[in-house]
Amino acid sequence: MSHASKDAIVSVENMSFSHGPRTIFDRVNISITRGNITAIMGPSGTGKTTLLKLIGGQLRPQSGQVTVDQQVVHQLHRRHLFELRKRMGMLFQSGALLTDLSVFDNVAFPMREHTQLSESMIRALVLMKLDAVGLRGAHPLMPSQLSGGMARRVALARAIALDPKIMMYDEPFAGQDPISMGVLLKLIQVLNNALNLTSIIVTHDIKEAFTIADEVYLISEGKVIEHGPPDDIQNSSSKWVQQFIQGHYDGPVPFHYPANDYQTDLYG
């Protein structure tokens, strides 16, 4: 039986994935609704970034399947996988700008690589993309001349260069000052609506994610612990969920790593 809804653009069905002896996902089901902003959250090391790689086809699940736009990603031949990836934009945590290219050339890069557009058309499109993130005036600058927040926005302009259907954000708010974070939040929301995108955000930043997400998935120890609209998550009766969203140092996730009796360890 399929868990995918007809409105789902990404469906993860009974998917298991291990890295060596370590289980990252254990028969997980996730459905990303077309047009929504979906936040994937959980403690560090729970495989949130790994999930993006499974959706993008860089990794293959051991069992179950990952479907994007009605195509089973890990069954696609390389050419078809590349075609599918052109419909996905990715904002990396680092921004990953090419340091020896100007802002303009960074945004132009995917257009020059994947299209036959004329340079005059590319120029118009690059300036449009940069204008969408408020940085058209920064087009001649080099990445070394940008603040961290500006670099993240240039990377976002590059990620939407080929008009993707799906945008994936890997910890987009990490290391951002409050103003830059506010700008990014607004941009993610505005671009999602204006470009008719579906956005998937991997993040630890609860307050920020809950502000813009339509749906939230909380993942821990290979399982989906809870999912639903942010209001439902905040009102969850689960002690684990409350510990995570309130940031309590002790609870179902213990402060102390499992150990022998303290007295025995100290005195033998």
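Residues numbered from 1 in each chain as written. Predicted model: local features only at pLDDT ≥ 70, side-chain atom pairs only at ≥ 80, totals over all residues. Heavy atoms only, no water.

When helices and strands are tallied, the protein chain shows 10 helices and 10 strands. Over its C-alpha trace the protein chain gives a radius of gyration of 20 Å, about what one expects of a compact globule, namely 18 Å for 268 residues. When the backbone C-alpha atoms are referred to their principal axes, the protein chain occupies close to 75 × 45 × 35 Å. Per-residue burial over the protein chain gives 46% buried out of 268 residues. Sequence separation of at least 24 residues holds for 61% of the intrachain contacts in the protein chain that already meet a minimum separation of 6. Carbon and sulfur atoms make up 51% of the accessible area of the protein chain, which amounts to about 14,300 Å² in all. (Helix = DSSP H or I, 4+ residues; strand = E, 2+ residues; numbered from the N terminus. Rg over C-alpha atoms; globule rule 2.2 N^0.38 Å. Buried < 20%, exposed > 50% of the residue type's maximum accessible area, 1.4 Å probe, protein only. Contact = heavy atoms within 4.5 Å. Areas by Shrake-Rupley, 256 points an atom, 1.4 Å probe, with all protein chains shown as cover.)

All right, on to empty space enclosed by the protein then. Under the definition given, this model contains one cavity of 30 Å³ or more. Grouping the constituent residues of the lining of the largest cavity by class yields five nonpolar, no polar and three charged. (1 Å grid on protein atoms, 1.4 Å probe; cavity = no way out; pocket = protein on both sides within 12 Å on 5 of 7 lines; lining within 4 Å. Points joined across faces, edges and corners; volume = space filled by probe spheres on them. Nonpolar A, V, L, I, M, F, W, Y, C, P; charged D, E, K, R; others polar.)

Turning next to the pattern of salt bridges. Applying the stated rule across the entire model yields 10 salt bridges. Among the ionic pairs, D26 bridges to R27, the shortest N-O distance being 3.1 Å. For D26, a relative accessible area of 22% corresponds to the partly exposed category. Across the pair D131 and R136 runs a salt bridge, and its minimum N-O distance is 2.9 Å. One salt-bridge network, in which partners are shared between bridges, spans R34, D69, R87 and K165. (Salt bridge = Lys/Arg side-chain N within 4 Å of Asp/Glu carboxyl O.)

Domain parsing of the protein chain yields domain 1 (8–87 + 164–267) and domain 2 (100–163). Averaged C-alpha coordinates put domain 1 and domain 2 at centres separated by 27 Å. A combined buried area of about 1,100 Å² lies between domain 1 and domain 2, and 69% of that area is made up of carbon and sulfur atoms. On the domain 1 side of the contact with domain 2, K86, P164 and L187 bury the most area, a combined 39% of that side's loss. There are zero salt bridges connecting domain 1 and domain 2. Looking at the side of domain 1 that touches domain 2, the element that brings in the most residues is helix 6 (residues 178–194), giving five residues. Its residues assigned to classes, the side of domain 1 that touches domain 2 comprises 11 nonpolar, two polar and three charged. (Domains from an automatic or database assignment. Buried area = accessible area lost by both parts, 1.4 Å probe.)

Approximately 710 Å³ is the volume found for the largest pocket. The set of elements that each furnish at least two residues to the lining of the largest pocket consists of helix 1 (48–56), helix 2 (78–85), strand 6 (88–91), helix 3 (103–114), helix 5 (148–159) and strand 7 (166–170). Each residue belonging to the lining of the largest pocket can be placed in one class, and the counts come to 14 nonpolar, six polar and six charged. Structurally, the lining of the largest pocket is a two-domain feature, drawing no fewer than three residues from each of domain 1 (8–87 + 164–267) and domain 2 (100–163).

Quick look at helix 9 (residues 239–246) now. Within the sequence span of helix 9, burial applies to W240, V241, Q243, F244 and I245. Those residues of helix 9 that are buried are in contact with strand 3 (37–41), helix 7 (206–212), strand 9 (215–220), strand 10 (223–228) and helix 8 (230–234). The distance from a side-chain oxygen at the start of helix 9 to the backbone nitrogen of V241 is 3.1 Å, and the residue carrying that oxygen is S238. At the C-terminal side of helix 9, G247 shows a positive phi close to 70 degrees. (Polar contact = N/O pair within 3.5 Å; in protein donor to acceptor, adjacent residues only side chain to side chain.)

For the rest of this paragraph, the subject is the sheet that holds strand 7. Read from one edge to the other, the open sheet built from six strands follows the order 6-7-8-3-9-10, with strand pairing classed as mixed. Edge strands, defined here as strands with exactly one partner in the open sheet, are strand 6 and strand 10. When strand polarity is set aside, the average angle formed by the axes of neighbouring strands in this sheet is 15 degrees. By the bridge criterion, four bridges tie strand 3 to strand 9 in an arrangement that is parallel. The residue bridging M41 from the neighbouring strand is L218, located in strand 9. (Pairing = 2+ DSSP bridges. Axes fitted to C-alpha atoms, helices over the stretch in contact; angles between N-to-C directions.)

As a further point, take the nonpolar core. One finds V126, L156 and M167 to be the most contacted residues of the largest nonpolar core, which totals 35 residues. In terms of domain composition, this core takes at least three residues from each of domain 1 (8–87 + 164–267) and domain 2 (100–163). In terms of nonpolar packing, the next biggest core, distinct from the first, is built from 27 residues, M15, I40, M88 and I219 among them. (Core = buried A, V, L, I, M, F, W, Y, C linked by side-chain atoms within 4.5 Å.)

Moving on, we get to the pairing of strand 7. Taking burial as the measure, the five residues of strand 7 include five buried ones, the bulk of the element. In strand 7, alternate side chains face the same way, and those of I166, M168 and D170 on one face and M167 and Y169 on the other are all buried. Pairing of strand 6 with strand 7, which is carried by four bridges, proceeds in the parallel orientation. In the sheet register, M88 faces strand 7, and the bridge partner there is I166. Two elements, strand 7 and strand 8 (residues 198–202), share five bridges in a ladder whose sense is parallel. Of the residues in strand 8, the one forming a bridge with M167 is S199. Read from strand 7 through helix 6 to strand 8, the crossover connection turns out right-handed. (Right-handed = clockwise from strand over helix to strand, strands pointing away.)

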